[in-house]
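This is what each chain is made of:
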Amino acid sequence: LIPFGGRLAYSRASPLTALAGQRASVTLDLKLTADPKPLAAKGVAGSPRVLVNADALEIVLTGKPHKISGHVLVLAPSTGWAGLLPGQHVRVDGRLQPSLDAAGLSVTLSARAPPQLLRGPPWWQRAAGAVRADLRRACSGLPQEVRGLLPGLIDGDTSGLDPVLAQRFRFAGLTHLVAVSGTNCSILIGAALLVLSRLGVRRGWCAMAGVLVVAGFVVVARPSPSVLRAAVMGCIALAALASGRPRRALPALSAAVLILLVWDPRLAVDAGFSMSVLATAAILMLAPGWADALRRRRVPIGLAEAIAVAAAAHVVSAPVVAAISGRVSLVAIPANVLAEPVVAAATVLGFLAALLAPMSMSVGASVAWLASWPARWLVQVAEWFGGLHGASLPWPSGARGGLLL
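J.: Describe the overall build of the protein chain, and please don't skip the residues or the numbers.
T.: Within the protein chain, the regular secondary structure consists of 16 helices and ten strands. Dimensions of the protein chain, computed from C-alpha atoms along their principal axes, come out at roughly 75 × 55 × 50 Å. The 405 residues of the protein chain split such that 43% are buried. Summarising the internal contacts of the protein chain: among those between residues at least 6 apart in sequence, 70% fall at separations of at least 24. The positive charge centre, built from 36 side chains, and the negative charge centre, built from 17, are 4 Å apart in the protein chain.

Listed below in structure tokens is the structure:
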């Protein structure tokens, strides 16, 4: 509570908050902290709009610039924002409004015109943007559904995902596969350590290579809450590997949650972060016992573990899903059991395609074609389960809905 209280007090004392309360028209110099996201809601005459997260650097009042700080949520027409990258500096004219986020640590700026570019992004963001763009090009020859799904699964780029297919994934309880998540980070770290250990690389060097994989993945896939959770957990596990200490997942999860909440208290009210932490904790604490119980009833080992993992994650995340969407999937467990075996193959091959495409587009496209086959299976699972009548049911709110769930 202390870090959150301090940030909240600082935010409320900021001139930006006072100006937002007055609905003031301002000119702000901003540093983008995330990629512009398309909004479903359209603007005047149906024009597309975007949402942009940024940090305020300077404000121009009565023709004079003044240093300022604070988080700003920009709502703007999409013109001029496409292709901008995190770390880029822009100047924007618009009208300030009070916060739209639940934590109340930001202000909202309704932009009136395209941004004026002041400074380009740092080199690592340019490199990450090139990797993401080349992966889209490498996937361009694939079927439409896979072409939109694979970049989302690998680097979180869902710009080409069919809205109907996204809804099918949502109804099937497979939303975590539509965009990159902490699972993908864990898979890549595990794959890198497996290869290095088979090559006889020493433990310390394996840990260092793992940290580089984590850093590269976070930059390319963007630091979403679930990715941050997996990255911090991975770094703690890699530190244990380098020091020769036993790696224990539950203390690592607890430490990751504490570190991230101190660093950014807004994560406490982020649904994605909550679901990532709850699902991970359930897999660590509930799934092993449930898998043992299934094995005692003569369920094959692999199937028992898959059912236990899917059921544990679904049980603890269903209340959060119901709270934010008003719906609960009834087919999430079997859908995840069938999808789980191919996620690792799609992730590893897709990320390999993303790394190879900037060096050789033909090689990258070939690896993307290989990655498309497990991705096609994911599409088929989502289409079948998500298309079932009653796959997802509307759920009542309040105490009655909570007790019923």
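J.: Please set out the pairing of strand S7 (residues 106–111) residue by residue, giving values where relevant.
T.: Among the six residues in S7, six count as buried, and that is most of the element. Going residue by residue along S7, you find Ser106, Thr108 and Ser110 tucked away on one face and Val107, Leu109 and Ala111 tucked away on the opposite face as well. Here five bridges tie strand S5 (residues 71–77) to S7, and the two strands are oriented parallel to one another. Bridge pairing in S7 places Leu73 opposite Thr108.

J.: So what's going on with the pattern of salt bridges? Which residues, and what values?
T.: Across all of its chains, the model carries nine salt bridges by this definition. Notably, a salt bridge pairs Arg91 with Asp29, separated by 2.6 Å at the nearest N-O pair. With Arg91 in strand S6 (residues 89–97) and Asp29 in strand S1 (residues 25–32), this pair connects stretches of sequence that are 62 residues apart. With a shortest N-O distance of 2.1 Å, Arg295 and Asp292 are connected by a salt bridge. Remark: Asp292 and Arg295 occur in helix H12 (residues 287–296); sequence separation between them is three residues, near one turn of the helix. Accessibility expressed as a relative area gives 30% for Arg295, which makes it partly exposed. If you follow the salt bridges from partner to partner, you end up with Asp35, Arg132 and Arg222 in one network.

J.: Outline the side chain of Ser226, listing residues and values.
T.: Note that Ser226 resides in helix H9 (residues 225–243). Exposure remark for Ser226: the relative accessible area of 14% places this residue in the buried category. For Ser226, the residues in contact, after removing those within four places along its chain, are Val180, Ser181, Gly182 and Ser276.

J.: For unusual backbone geometry, give the residues involved together with the corresponding values.
T.: Here Arg23, not a glycine, exhibits a phi torsion of approximately 55 degrees, which is positive. Structurally, the position occupied by Arg23 is in the loop between helix H2 (15–21) and S1. Assessed through its relative accessible area of 41%, Arg23 is described here as partly exposed. One non-glycine residue, Arg222, adopts positive backbone phi at about 75 degrees. Along the chain, Arg222 turns up in the loop between helix H8 (203–221) and H9.

J.: Quick one: what's the story with the packing of aromatic side chains, residue by residue and with numbers?
T.: Considering all chains together, one arrives at four aromatic pairs under this definition. Measuring from centroid to centroid gives 5.8 Å for Phe217 and Phe351, while their planes differ by 50 degrees, and the two rings are tilted. Of this pair, Phe217 sits in helix H8 while Phe351 sits in helix H14 (residues 332–356); the two residues are 134 residues apart in sequence, bridging distant segments of the chain. Sitting above the plane of the Trp373 ring, Arg376 keeps its charged end 4.0 Å from the centroid.

J.: Account for the side chain of Ser372, with residues named and values stated.
T.: For Ser372, the position within the fold is in helix H15 (residues 361–386). When its relative accessible area of 0% is taken as the criterion, Ser372 is described as buried. Excluding its chain neighbours within four sequence positions, the residues that come into contact with Ser372 are Leu142, Val146 and Leu150.

J.: So, the nonpolar core: which residues are in play, and what are the values?
T.: Among the nonpolar cores identified, the biggest contains 57 residues, and Leu150, Phe169, Leu174, Leu177, Phe217 and Leu378 are the most heavily contacted of them. Residues within four places of Phe217 in sequence aside, it is in contact with Ile154, Val180, Ser181, Asn184, Cys185, Leu188, Arg222, Val227 and Phe351. Among the nonpolar cores identified, the runner-up in size contains 25 residues, and Leu16, Leu28, Leu30 and Val50 belong to it.

J.: So what's going on with the packing of H12 against helix H13 (residues 301–325)? Which residues, and what values?
T.: In helix packing, the relevant descriptors are the interaxial angle and the interaxial distance, both defined with respect to the helix axes. Between H12 and H13, the shortest axis-to-axis distance is 8 Å and the interhelical angle comes to 140 degrees. When the axes of H12 and H13 are compared, the pair comes out oblique. Relative to H13, the crossing made by H12 is right-handed. On H13, the residues touching Ala287, Trp290, Ala291, Leu294 and Arg295 of H12 are Ile301, Ala304, Glu305, Ile307, Ala308, Val309, Ala311, Ala312 and Val315. Residues of the contact of H12 with H13, tallied by class, amount to twelve nonpolar, no polar and two charged.

J.: Account for helix H7 (residues 182–198), naming residues and giving values.
T.: Compared with an ideal rise of 1.5 Å per residue, which puts 17 residues at 24 Å, H7 spans 24 Å between its outermost C-alpha atoms and is within 8% of the ideal. Close packing links the buried residues of H7 with helix H4 (144–155), H8, H9 and H14. Just downstream of H7, Gly200 is the residue with a positive phi angle, here 80 degrees.

J.: Account for a nonpolar patch on the surface, with residues named and values stated.
T.: On the surface, Leu250, Leu284, Met285, Leu286, Trp290 and Val315 cluster together into a nonpolar patch covering about 490 Å² of accessible area. Locating Val315 in the fold gives a position in helix H13.

J.: Describe the packing of H7 against H14, and please don't skip the residues or the numbers.
T.: Two elements in contact, H7 and H14, have axes whose closest approach is 10 Å; the angle formed by their N-to-C orientations is 75 degrees. Compared by their axis directions, H7 and H14 come out roughly perpendicular. Contacts from Asn184, Ile187, Leu188 and Ala191 of H7 reach H14 at Val343, Ala344, Thr347, Val348 and Phe351. Its residues placed into classes, the contact of H7 with H14 shows seven nonpolar, two polar and no charged.

The rules behind each value
- Residues numbered from 1 in each chain as written.
- Predicted model: local features only at pLDDT ≥ 70, side-chain atom pairs only at ≥ 80, totals over all residues.
- Heavy atoms only, no water.
- Helix = DSSP H or I, 4+ residues; strand = E, 2+ residues; numbered from the N terminus.
- Buried < 20%, exposed > 50% of the residue type's maximum accessible area, 1.4 Å probe, protein only.
- Contact = heavy atoms within 4.5 Å.
- Lys, Arg positive; Asp, Glu negative; His and termini not counted.
- Charge placed at Lys NZ, Arg CZ, Asp CG, Glu CD.
- Pairing = 2+ DSSP bridges.
- Salt bridge = Lys/Arg side-chain N within 4 Å of Asp/Glu carboxyl O.
- Phe/Tyr/Trp six-rings, centres within 6.5 Å; stacked < 30°, edge-to-face > 60°.
- Lys NZ or Arg CZ within 6 Å of the ring centre and 35° of its normal.
- Core = buried A, V, L, I, M, F, W, Y, C linked by side-chain atoms within 4.5 Å.
- Axes fitted to C-alpha atoms, helices over the stretch in contact; angles between N-to-C directions.
- Parallel < 35°, antiparallel > 145°, perpendicular 65-115°, else oblique.
- Left-handed = near helix turned anticlockwise from the far one by under 90°.
- Nonpolar A, V, L, I, M, F, W, Y, C, P; charged D, E, K, R; others polar.
- Expected span 1.5 Å × (residues − 1).
- Patch = residues over 30% accessible without salt bridge, like charges linked within 9 Å, V, L, I, M, F, W, Y side chains within 5 Å.
- Areas by Shrake-Rupley, 256 points an atom, 1.4 Å probe, with all protein chains shown as cover.

Spatial relationships are all this shows, so hold off on functional conclusions.
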